[in-house]
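Close look at the chain arrangement
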Amino acid sequence: MLKKTIGLGLIAATLLLQACSMAPSRLPAVPNDLTAKAEIPGMSGVRYVAGVDVPEMTLKGHESLQRELDYRAQQGLKGPLPPASFIAISGGGDNGAFTAGLMNAWTVTGTRPEFKLVTGISTGALIAPFVFLGPKYDATLKEVYTTISPKDVLAPRGFISGVLSDAMADNTPLLNLTRKSITEDLLKEVATEYAKGRLLLVATADIDARRPIIWDMGKIASYGGPKALDLFVKVMIASASIPGGFPPMMLDVEVDGKPFQEMHVDGGIMAQVFAYPAGIRINKEAAAMGVTRERKLYVIRNARLDPEWANVERNTVTIAARSVASLIHSQGIGDLYRIYATAERDEVDFNLAFIPSSFNAPHKEEFDTEYMRALYATGYEMALKGFPWLKAPPGFTLPGAAPAGK
(Lines give C-alpha, C1' and ligand atoms only; values in the text may rest on other atoms or scores of the structure.)
Protein backbone atom coordinates (compact mmCIF):
# COMPACT_ATOMS: atom_id res chain seq x y z
CA MET A 1 0.00 0.00 0.00
CA LEU A 2 2.83 2.39 0.90
CA LYS A 3 4.58 1.72 -2.42
CA LYS A 4 1.33 2.31 -4.26
CA THR A 5 0.75 5.60 -2.43
CA ILE A 6 4.32 6.74 -3.16
CA GLY A 7 3.91 5.72 -6.78
CA LEU A 8 0.71 7.72 -7.17
CA GLY A 9 2.39 10.67 -5.50
CA LEU A 10 5.30 10.51 -7.93
CA ILE A 11 2.90 10.37 -10.89
CA ALA A 12 0.99 13.39 -9.58
CA ALA A 13 4.25 15.29 -9.01
CA THR A 14 5.44 14.42 -12.51
CA LEU A 15 2.19 15.66 -14.07
CA LEU A 16 2.43 18.86 -12.03
CA LEU A 17 5.99 19.48 -13.20
CA GLN A 18 4.94 18.80 -16.79
CA ALA A 19 2.08 21.22 -16.43
CA CYS A 20 4.44 23.92 -15.21
CA SER A 21 6.89 23.27 -18.03
CA MET A 22 4.16 23.25 -20.73
CA ALA A 23 2.40 26.41 -19.53
CA PRO A 24 3.11 29.30 -21.95
CA SER A 25 5.53 31.90 -20.62
CA ARG A 26 4.89 35.63 -20.44
CA LEU A 27 6.43 38.95 -19.45
CA PRO A 28 5.50 40.38 -16.02
CA ALA A 29 2.01 41.83 -15.66
CA VAL A 30 1.59 45.56 -15.10
CA PRO A 31 1.64 46.28 -11.34
CA ASN A 32 -1.82 47.13 -10.01
CA ASP A 33 -1.04 50.78 -9.22
CA LEU A 34 0.34 51.35 -12.73
CA THR A 35 -2.50 49.85 -14.80
CA ALA A 36 -3.86 53.23 -15.86
CA LYS A 37 -0.38 54.39 -16.95
CA ALA A 38 0.29 51.50 -19.33
CA GLU A 39 0.65 52.42 -23.00
CA ILE A 40 1.16 50.53 -26.23
CA PRO A 41 4.73 51.35 -27.36
CA GLY A 42 4.60 54.01 -30.06
CA MET A 43 0.79 54.34 -29.85
CA SER A 44 -0.20 56.47 -26.90
CA GLY A 45 -3.81 57.28 -26.13
CA VAL A 46 -5.39 54.13 -27.52
CA ARG A 47 -6.43 52.32 -24.30
CA TYR A 48 -8.40 53.47 -21.29
CA VAL A 49 -9.31 51.79 -18.03
CA ALA A 50 -13.10 51.97 -17.74
CA GLY A 51 -14.21 53.69 -14.55
CA VAL A 52 -10.73 55.04 -13.87
CA ASP A 53 -9.76 57.10 -16.92
CA VAL A 54 -12.98 59.14 -16.92
CA PRO A 55 -11.22 62.53 -17.26
CA GLU A 56 -9.14 61.18 -20.15
CA MET A 57 -12.20 59.75 -21.88
CA THR A 58 -14.12 62.97 -21.31
CA LEU A 59 -11.28 64.80 -23.06
CA LYS A 60 -11.49 62.25 -25.88
CA GLY A 61 -15.16 63.12 -26.25
CA HIS A 62 -14.28 66.83 -26.48
CA GLU A 63 -11.64 66.09 -29.11
CA SER A 64 -14.11 64.01 -31.10
CA LEU A 65 -16.64 66.81 -31.11
CA GLN A 66 -13.97 69.34 -32.11
CA ARG A 67 -12.87 67.12 -35.02
CA GLU A 68 -16.48 66.96 -36.16
CA LEU A 69 -16.84 70.75 -35.99
CA ASP A 70 -13.56 71.25 -37.85
CA TYR A 71 -14.57 68.77 -40.57
CA ARG A 72 -17.92 70.51 -41.07
CA ALA A 73 -16.17 73.85 -41.35
CA GLN A 74 -13.79 72.42 -43.97
CA GLN A 75 -16.79 71.17 -45.95
CA GLY A 76 -18.54 74.53 -45.70
CA LEU A 77 -21.36 73.06 -43.61
CA LYS A 78 -23.15 75.56 -41.39
CA GLY A 79 -26.04 75.59 -38.98
CA PRO A 80 -26.91 73.29 -36.05
CA LEU A 81 -25.28 69.90 -35.80
CA PRO A 82 -27.40 67.02 -37.10
CA PRO A 83 -28.72 64.38 -34.67
CA ALA A 84 -26.04 62.00 -33.37
CA SER A 85 -26.77 58.28 -33.49
CA PHE A 86 -24.93 55.79 -31.28
CA ILE A 87 -25.02 52.00 -31.51
CA ALA A 88 -23.83 49.45 -28.94
CA ILE A 89 -23.42 45.83 -30.07
CA SER A 90 -23.29 43.11 -27.44
CA GLY A 91 -21.57 39.76 -27.15
CA GLY A 92 -23.29 36.51 -27.94
CA GLY A 93 -21.04 34.25 -30.04
CA ASP A 94 -22.80 33.02 -33.15
CA ASN A 95 -25.88 35.00 -32.09
CA GLY A 96 -24.08 37.90 -33.79
CA ALA A 97 -25.95 36.67 -36.89
CA PHE A 98 -28.95 38.57 -35.48
CA THR A 99 -27.11 41.90 -35.74
CA ALA A 100 -25.82 41.02 -39.21
CA GLY A 101 -29.35 40.42 -40.47
CA LEU A 102 -30.72 43.51 -38.74
CA MET A 103 -28.04 45.79 -40.20
CA ASN A 104 -28.41 44.44 -43.74
CA ALA A 105 -32.18 44.98 -43.73
CA TRP A 106 -31.83 48.38 -42.06
CA THR A 107 -29.74 49.43 -45.05
CA VAL A 108 -32.44 48.17 -47.44
CA THR A 109 -35.10 50.29 -45.71
CA GLY A 110 -33.06 53.44 -46.37
CA THR A 111 -33.40 54.59 -42.75
CA ARG A 112 -30.07 53.39 -41.36
CA PRO A 113 -28.12 56.33 -39.91
CA GLU A 114 -24.40 56.97 -39.98
CA PHE A 115 -23.33 56.35 -36.40
CA LYS A 116 -21.35 58.93 -34.50
CA LEU A 117 -20.35 56.24 -31.98
CA VAL A 118 -20.10 52.46 -32.47
CA THR A 119 -19.15 50.16 -29.59
CA GLY A 120 -18.64 46.41 -29.57
CA ILE A 121 -17.78 43.69 -27.12
CA SER A 122 -17.01 40.00 -27.78
CA THR A 123 -18.84 39.03 -31.00
CA GLY A 124 -19.93 42.67 -31.11
CA ALA A 125 -16.25 43.64 -31.37
CA LEU A 126 -15.94 41.49 -34.49
CA ILE A 127 -19.00 43.22 -35.98
CA ALA A 128 -18.38 46.82 -34.89
CA PRO A 129 -15.76 47.91 -37.49
CA PHE A 130 -18.03 46.84 -40.36
CA VAL A 131 -21.06 48.59 -38.87
CA PHE A 132 -18.88 51.67 -38.32
CA LEU A 133 -17.90 51.79 -41.99
CA GLY A 134 -21.48 51.43 -43.16
CA PRO A 135 -23.46 49.52 -45.81
CA LYS A 136 -20.36 48.94 -47.95
CA TYR A 137 -19.52 46.07 -45.59
CA ASP A 138 -22.99 44.55 -45.24
CA ALA A 139 -22.03 41.72 -47.59
CA THR A 140 -19.00 40.92 -45.41
CA LEU A 141 -21.19 40.70 -42.32
CA LYS A 142 -23.66 38.46 -44.09
CA GLU A 143 -20.95 36.15 -45.38
CA VAL A 144 -19.26 35.76 -42.00
CA TYR A 145 -22.45 35.05 -40.08
CA THR A 146 -24.16 32.79 -42.62
CA THR A 147 -21.34 30.68 -44.10
CA ILE A 148 -18.78 29.92 -41.41
CA SER A 149 -18.68 26.75 -39.31
CA PRO A 150 -16.71 25.71 -36.20
CA LYS A 151 -13.59 24.88 -38.23
CA ASP A 152 -13.40 28.52 -39.34
CA VAL A 153 -13.28 29.70 -35.74
CA LEU A 154 -11.36 27.21 -33.64
CA ALA A 155 -9.13 24.14 -33.66
CA PRO A 156 -9.80 21.90 -30.64
CA ARG A 157 -6.81 20.85 -28.57
CA GLY A 158 -6.54 17.49 -26.88
CA PHE A 159 -7.82 17.36 -23.31
CA ILE A 160 -4.40 17.07 -21.71
CA SER A 161 -2.75 19.72 -23.90
CA GLY A 162 -5.71 22.03 -23.34
CA VAL A 163 -5.62 21.69 -19.57
CA LEU A 164 -1.85 22.11 -19.43
CA SER A 165 -1.81 25.10 -21.80
CA ASP A 166 -3.87 28.31 -21.75
CA ALA A 167 -7.11 27.17 -23.43
CA MET A 168 -9.01 24.15 -24.66
CA ALA A 169 -8.96 25.34 -28.27
CA ASP A 170 -6.71 27.29 -30.61
CA ASN A 171 -8.33 30.39 -32.15
CA THR A 172 -5.85 30.70 -35.01
CA PRO A 173 -8.63 30.03 -37.56
CA LEU A 174 -10.61 33.02 -36.22
CA LEU A 175 -7.47 35.15 -36.23
CA ASN A 176 -6.77 34.23 -39.86
CA LEU A 177 -10.40 34.85 -40.84
CA THR A 178 -10.31 38.30 -39.23
CA ARG A 179 -7.02 39.21 -40.87
CA LYS A 180 -8.57 38.53 -44.30
CA SER A 181 -11.27 41.14 -43.65
CA ILE A 182 -9.29 43.69 -41.64
CA THR A 183 -6.85 45.04 -44.22
CA GLU A 184 -4.66 48.11 -44.45
CA ASP A 185 -7.26 49.68 -46.75
CA LEU A 186 -10.00 49.11 -44.17
CA LEU A 187 -7.75 50.62 -41.51
CA LYS A 188 -7.35 53.74 -43.65
CA GLU A 189 -11.13 53.99 -43.98
CA VAL A 190 -11.53 53.82 -40.20
CA ALA A 191 -8.86 56.51 -39.78
CA THR A 192 -10.66 58.74 -42.29
CA GLU A 193 -13.92 58.48 -40.35
CA TYR A 194 -12.08 59.05 -37.08
CA ALA A 195 -10.77 62.33 -38.50
CA LYS A 196 -14.39 63.39 -39.06
CA GLY A 197 -15.09 63.05 -35.35
CA ARG A 198 -16.61 59.57 -35.31
CA LEU A 199 -15.69 57.01 -32.64
CA LEU A 200 -15.22 53.24 -32.75
CA LEU A 201 -14.69 51.65 -29.32
CA VAL A 202 -14.06 48.02 -28.37
CA ALA A 203 -13.84 46.58 -24.85
CA THR A 204 -11.63 43.78 -23.57
CA ALA A 205 -10.93 42.48 -20.08
CA ASP A 206 -7.45 42.88 -18.58
CA ILE A 207 -7.59 39.72 -16.51
CA ASP A 208 -4.45 40.61 -14.54
CA ALA A 209 -5.97 43.84 -13.23
CA ARG A 210 -9.53 42.47 -13.45
CA ARG A 211 -10.62 45.67 -15.16
CA PRO A 212 -12.41 46.45 -18.43
CA ILE A 213 -10.23 48.23 -20.99
CA ILE A 214 -11.79 50.43 -23.67
CA TRP A 215 -9.83 50.67 -26.91
CA ASP A 216 -10.08 53.63 -29.26
CA MET A 217 -9.94 51.72 -32.54
CA GLY A 218 -10.09 54.90 -34.64
CA LYS A 219 -7.05 56.26 -32.84
CA ILE A 220 -5.22 52.96 -33.45
CA ALA A 221 -6.14 53.17 -37.14
CA SER A 222 -4.87 56.75 -37.32
CA TYR A 223 -1.34 55.57 -36.52
CA GLY A 224 -1.37 53.40 -39.64
CA GLY A 225 1.18 50.79 -40.68
CA PRO A 226 1.65 47.08 -39.89
CA LYS A 227 1.90 47.55 -36.11
CA ALA A 228 -1.40 49.43 -35.95
CA LEU A 229 -3.07 46.83 -38.16
CA ASP A 230 -1.74 44.02 -35.98
CA LEU A 231 -2.96 45.69 -32.77
CA PHE A 232 -6.36 46.46 -34.32
CA VAL A 233 -6.90 42.78 -35.15
CA LYS A 234 -5.52 41.53 -31.82
CA VAL A 235 -7.89 43.78 -29.86
CA MET A 236 -10.86 42.45 -31.84
CA ILE A 237 -9.79 38.85 -31.18
CA ALA A 238 -9.01 39.55 -27.53
CA SER A 239 -12.52 40.89 -26.99
CA ALA A 240 -13.94 37.60 -28.31
CA SER A 241 -11.49 35.25 -26.54
CA ILE A 242 -13.66 33.27 -24.12
CA PRO A 243 -11.48 32.48 -21.08
CA GLY A 244 -10.56 28.81 -20.95
CA GLY A 245 -12.05 28.21 -24.36
CA PHE A 246 -9.73 30.42 -26.42
CA PRO A 247 -6.18 31.54 -25.59
CA PRO A 248 -5.87 35.03 -24.10
CA MET A 249 -4.32 37.73 -26.23
CA MET A 250 -1.00 38.88 -24.80
CA LEU A 251 -0.39 42.56 -25.50
CA ASP A 252 2.97 44.24 -24.94
CA VAL A 253 2.77 47.54 -23.06
CA GLU A 254 5.17 49.79 -21.25
CA VAL A 255 5.15 52.10 -18.25
CA ASP A 256 7.80 54.80 -18.12
CA GLY A 257 9.81 52.86 -20.71
CA LYS A 258 9.70 49.57 -18.77
CA PRO A 259 8.18 46.59 -20.66
CA PHE A 260 5.23 44.61 -19.32
CA GLN A 261 2.60 42.34 -20.82
CA GLU A 262 -1.15 42.44 -20.33
CA MET A 263 -3.36 39.36 -20.62
CA HIS A 264 -6.61 40.28 -22.39
CA VAL A 265 -9.70 38.08 -22.68
CA ASP A 266 -13.36 38.35 -23.67
CA GLY A 267 -14.75 41.73 -22.62
CA GLY A 268 -17.99 39.91 -21.85
CA ILE A 269 -16.66 38.83 -18.45
CA MET A 270 -16.95 42.50 -17.45
CA ALA A 271 -20.07 43.54 -19.39
CA GLN A 272 -22.21 42.08 -22.12
CA VAL A 273 -22.67 45.46 -23.80
CA PHE A 274 -21.53 49.05 -23.22
CA ALA A 275 -22.25 52.46 -24.72
CA TYR A 276 -20.08 55.06 -23.00
CA PRO A 277 -18.78 55.40 -19.43
CA ALA A 278 -21.53 56.47 -17.00
CA GLY A 279 -19.09 58.97 -15.51
CA ILE A 280 -19.31 61.08 -18.68
CA ARG A 281 -22.34 63.40 -18.88
CA ILE A 282 -22.28 63.85 -22.61
CA ASN A 283 -25.04 66.45 -22.84
CA LYS A 284 -23.40 68.72 -20.26
CA GLU A 285 -19.94 68.24 -21.73
CA ALA A 286 -21.20 69.16 -25.21
CA ALA A 287 -23.14 72.13 -23.87
CA ALA A 288 -19.93 73.39 -22.28
CA MET A 289 -18.53 73.56 -25.81
CA GLY A 290 -21.59 75.44 -27.00
CA VAL A 291 -23.14 72.42 -28.71
CA THR A 292 -26.66 71.07 -28.31
CA ARG A 293 -28.09 68.30 -30.46
CA GLU A 294 -30.50 65.40 -30.50
CA ARG A 295 -28.98 62.03 -29.61
CA LYS A 296 -30.26 58.50 -30.18
CA LEU A 297 -28.80 55.29 -28.80
CA TYR A 298 -29.46 51.89 -30.34
CA VAL A 299 -28.52 48.87 -28.22
CA ILE A 300 -28.46 45.42 -29.82
CA ARG A 301 -28.38 42.49 -27.42
CA ASN A 302 -27.43 39.35 -29.31
CA ALA A 303 -29.44 37.09 -27.02
CA ARG A 304 -32.94 36.28 -25.93
CA LEU A 305 -33.93 38.14 -22.76
CA ASP A 306 -36.61 35.76 -21.53
CA PRO A 307 -35.48 32.87 -19.29
CA GLU A 308 -34.93 29.75 -21.38
CA TRP A 309 -36.33 26.71 -19.59
CA ALA A 310 -34.45 23.41 -19.62
CA ASN A 311 -34.70 20.05 -17.87
CA VAL A 312 -31.23 20.15 -16.28
CA GLU A 313 -29.43 16.84 -15.89
CA ARG A 314 -28.16 16.07 -12.41
CA ASN A 315 -24.42 16.15 -13.06
CA THR A 316 -21.66 18.58 -12.17
CA VAL A 317 -20.77 19.80 -15.66
CA THR A 318 -24.37 20.43 -16.73
CA ILE A 319 -25.27 22.23 -13.50
CA ALA A 320 -22.14 24.40 -13.68
CA ALA A 321 -22.71 25.26 -17.34
CA ARG A 322 -26.36 26.12 -16.70
CA SER A 323 -25.35 28.35 -13.78
CA VAL A 324 -22.75 30.25 -15.82
CA ALA A 325 -25.29 30.77 -18.62
CA SER A 326 -27.77 32.10 -16.06
CA LEU A 327 -25.16 34.48 -14.68
CA ILE A 328 -24.40 35.83 -18.17
CA HIS A 329 -28.12 36.23 -18.86
CA SER A 330 -28.66 38.22 -15.65
CA GLN A 331 -25.53 40.31 -16.24
CA GLY A 332 -26.76 41.22 -19.72
CA ILE A 333 -30.08 42.49 -18.40
CA GLY A 334 -28.29 44.45 -15.68
CA ASP A 335 -26.10 46.08 -18.35
CA LEU A 336 -29.23 47.21 -20.20
CA TYR A 337 -30.62 48.88 -17.09
CA ARG A 338 -27.31 50.66 -16.47
CA ILE A 339 -27.16 51.92 -20.04
CA TYR A 340 -30.83 52.96 -19.92
CA ALA A 341 -30.35 54.92 -16.69
CA THR A 342 -27.32 56.71 -18.15
CA ALA A 343 -29.17 57.52 -21.38
CA GLU A 344 -32.18 58.88 -19.44
CA ARG A 345 -29.91 61.10 -17.36
CA ASP A 346 -28.24 62.48 -20.48
CA GLU A 347 -31.50 62.88 -22.44
CA VAL A 348 -30.42 60.33 -25.03
CA ASP A 349 -33.26 58.52 -26.81
CA PHE A 350 -32.95 54.82 -25.86
CA ASN A 351 -33.78 52.02 -28.32
CA LEU A 352 -33.32 48.31 -27.65
CA ALA A 353 -33.30 45.25 -29.89
CA PHE A 354 -32.87 41.60 -28.86
CA ILE A 355 -33.59 38.12 -30.17
CA PRO A 356 -37.32 37.44 -29.80
CA SER A 357 -38.56 34.58 -27.61
CA SER A 358 -40.31 33.17 -30.69
CA PHE A 359 -36.93 32.23 -32.20
CA ASN A 360 -36.31 28.56 -31.41
CA ALA A 361 -34.15 27.18 -34.22
CA PRO A 362 -32.12 24.07 -33.30
CA HIS A 363 -28.63 24.95 -32.04
CA LYS A 364 -26.50 21.83 -32.43
CA GLU A 365 -23.12 23.42 -31.72
CA GLU A 366 -21.39 26.78 -31.50
CA PHE A 367 -21.14 28.46 -34.91
CA ASP A 368 -23.79 26.15 -36.32
CA THR A 369 -24.19 27.40 -39.90
CA GLU A 370 -27.89 26.53 -40.22
CA TYR A 371 -28.68 28.14 -36.87
CA MET A 372 -26.90 31.34 -37.86
CA ARG A 373 -28.72 31.47 -41.20
CA ALA A 374 -32.06 31.15 -39.43
CA LEU A 375 -31.13 33.85 -36.92
CA TYR A 376 -29.82 36.15 -39.66
CA ALA A 377 -33.17 35.76 -41.44
CA THR A 378 -35.03 36.61 -38.22
CA GLY A 379 -33.09 39.83 -37.69
CA TYR A 380 -33.46 40.70 -41.36
CA GLU A 381 -37.23 40.19 -41.47
CA MET A 382 -37.80 42.13 -38.25
CA ALA A 383 -35.79 45.11 -39.50
CA LEU A 384 -37.30 45.01 -42.98
CA LYS A 385 -40.74 45.54 -41.47
CA GLY A 386 -39.50 48.44 -39.35
CA PHE A 387 -37.74 47.13 -36.27
CA PRO A 388 -39.89 47.21 -33.10
CA TRP A 389 -37.32 48.96 -30.91
CA LEU A 390 -38.15 48.94 -27.21
CA LYS A 391 -37.88 52.25 -25.40
CA ALA A 392 -36.81 50.66 -22.10
CA PRO A 393 -35.37 47.36 -20.85
CA PRO A 394 -37.80 44.44 -20.44
CA GLY A 395 -39.83 44.69 -17.26
CA PHE A 396 -39.30 48.42 -16.85
CA THR A 397 -42.54 50.39 -16.80
CA LEU A 398 -42.50 53.75 -18.51
CA PRO A 399 -44.88 56.39 -17.10
CA GLY A 400 -48.36 55.71 -18.42
CA ALA A 401 -47.31 52.60 -20.34
CA ALA A 402 -47.35 48.83 -19.98
CA PRO A 403 -44.09 47.14 -18.90
CA ALA A 404 -41.50 47.09 -21.69
CA GLY A 405 -41.16 43.78 -23.46
CA LYS A 406 -44.75 42.70 -22.79
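We now turn to the structure provided with this report. (Residues numbered from 1 in each chain as written. Predicted model: local features only at pLDDT ≥ 70, side-chain atom pairs only at ≥ 80, totals over all residues. Heavy atoms only, no water.)

**Notes on the overall build of the chain**
When you go through the chain residue by residue, the secondary structure sums to 13 helices and 11 strands. Its C-alpha atoms give the chain a radius of gyration of 22 Å, near enough to 22 Å, the size a compact globule of 406 residues would have. Considered along the principal axes of its C-alpha atoms, the chain spans approximately 90 × 55 × 40 Å. Looking at the chain as a whole, 47% of its 406 residues qualify as buried. Expressed as a percentage of contacts within the chain between residues at least 6 apart in sequence, the contacts between residues at least 24 apart total 76%. Carbon and sulfur atoms make up 59% of the accessible area of the chain, which totals about 19,600 Å². (Helix = DSSP H or I, 4+ residues; strand = E, 2+ residues; numbered from the N terminus. Rg over C-alpha atoms; globule rule 2.2 N^0.38 Å. Buried < 20%, exposed > 50% of the residue type's maximum accessible area, 1.4 Å probe, protein only. Contact = heavy atoms within 4.5 Å. Areas by Shrake-Rupley, 256 points an atom, 1.4 Å probe, with all protein chains shown as cover.)

**Focus: empty space enclosed by the protein**
Counted according to the given criterion, the structure contains two cavities of 30 Å³ or more. In this structure, the largest cavity occupies an estimated 410 Å³ of space. For the largest cavity, the lining is made up of 23 residues, of which Gly-61, Phe-86, Lys-116, Leu-199 and Ile-282 are closest to its centre. Mapped by element, the contributors of at least two residues to the lining of the largest cavity are helix H2 (54–74), strand S2 (84–89), strand S3 (115–121), strand S6 (199–206) and helix H11 (282–288). Residue contributions to the lining of the largest cavity peak at seven residues, all from H2. The class makeup of the residues in the lining of the largest cavity is 14 nonpolar, four polar and five charged. Estimated volume of the second largest cavity: approximately 60 Å³. Taken together, Phe-274, Ala-275, Tyr-276, Leu-297, Arg-338, Ile-339, Thr-342 and Ala-343 form the lining of the second largest cavity. In terms of residue class, the lining of the second largest cavity is built from six nonpolar, one polar and one charged. (1 Å grid on protein atoms, 1.4 Å probe; cavity = no way out; pocket = protein on both sides within 12 Å on 5 of 7 lines; lining within 4 Å. Points joined across faces, edges and corners; volume = space filled by probe spheres on them. Nonpolar A, V, L, I, M, F, W, Y, C, P; charged D, E, K, R; others polar.)

**So, a nonpolar patch on the surface**
Side chains of Phe-159, Ile-160, Val-163 and Met-168 sit close together on the surface and give an oily, nonpolar patch of about 410 Å² of accessible area. Counting through the fold element by element, Met-168 comes out in the loop between helix H6 (159–164) and strand S5 (169–170). (Patch = residues over 30% accessible without salt bridge, like charges linked within 9 Å, V, L, I, M, F, W, Y side chains within 5 Å. Salt bridge = Lys/Arg side-chain N within 4 Å of Asp/Glu carboxyl O.)

**With respect to helix H13 (residues 369–384)**
Between the first and last C-alpha of H13 there are 22 Å, a value that for 16 residues agrees with the 22 Å anticipated at 1.5 Å per step. Those residues of H13 that sit buried are Thr-369, Tyr-371, Met-372, Leu-375, Tyr-376, Thr-378, Gly-379, Met-382 and Ala-383. Close packing links the buried residues of H13 with helix H3 (96–109), helix H5 (138–147) and strand S11 (349–355). N-cap assignment for H13: the residue whose side-chain oxygen lies 3.1 Å from the backbone N of Glu-370 is Asp-368. Within two residues after H13, Gly-386 carries a phi angle of roughly 100°, on the positive side. (Expected span 1.5 Å × (residues − 1). Polar contact = N/O pair within 3.5 Å; in protein donor to acceptor, adjacent residues only side chain to side chain.)

**Quick notes on unusual backbone geometry**
Among all residues except glycine, the phi angle is most often negative; among peptide bonds, the trans geometry is most common. With a phi angle near 60°, Glu-347 is a residue other than glycine that sits in the positive phi range. Note on placement: Glu-347 falls in the loop between helix H12 (316–345) and S11. Relative accessible area serves as the criterion here: at 66%, Glu-347 is assigned to the exposed category. Phi is positive for Phe-367, which is not a glycine, with a value near 60°. Considering the arrangement of structural elements, one finds Phe-367 in the loop between S11 and H13.

**Focus: the packing of helix H7 (residues 172–181) against helix H10 (residues 225–239)**
With their axes 10 Å apart at the nearest point, H7 and H10 run at an angle of 130° to one another. Classified by the interaxial angle, the pair formed by H7 and H10 is oblique. In the packing of H7 onto H10, the handedness of the crossing is right-handed. Contact with H7, carried on its side by Leu-174, Leu-175, Thr-178 and Arg-179, involves Asp-230, Val-233, Lys-234, Met-236 and Ile-237 of H10 and no other residues of that element. (Axes fitted to C-alpha atoms, helices over the stretch in contact; angles between N-to-C directions. Parallel < 35°, antiparallel > 145°, perpendicular 65-115°, else oblique. Left-handed = near helix turned anticlockwise from the far one by under 90°.)

**Things to note about the side chain of Thr-369**
Within the secondary structure layout, Thr-369 lies in helix H13. Judged by relative accessible area, Thr-369 falls into the buried class, the value being 16%. Discounting chain neighbours no more than four positions away, the residues touching Thr-369 are Thr-146, Thr-147, Ile-148 and Ser-149.

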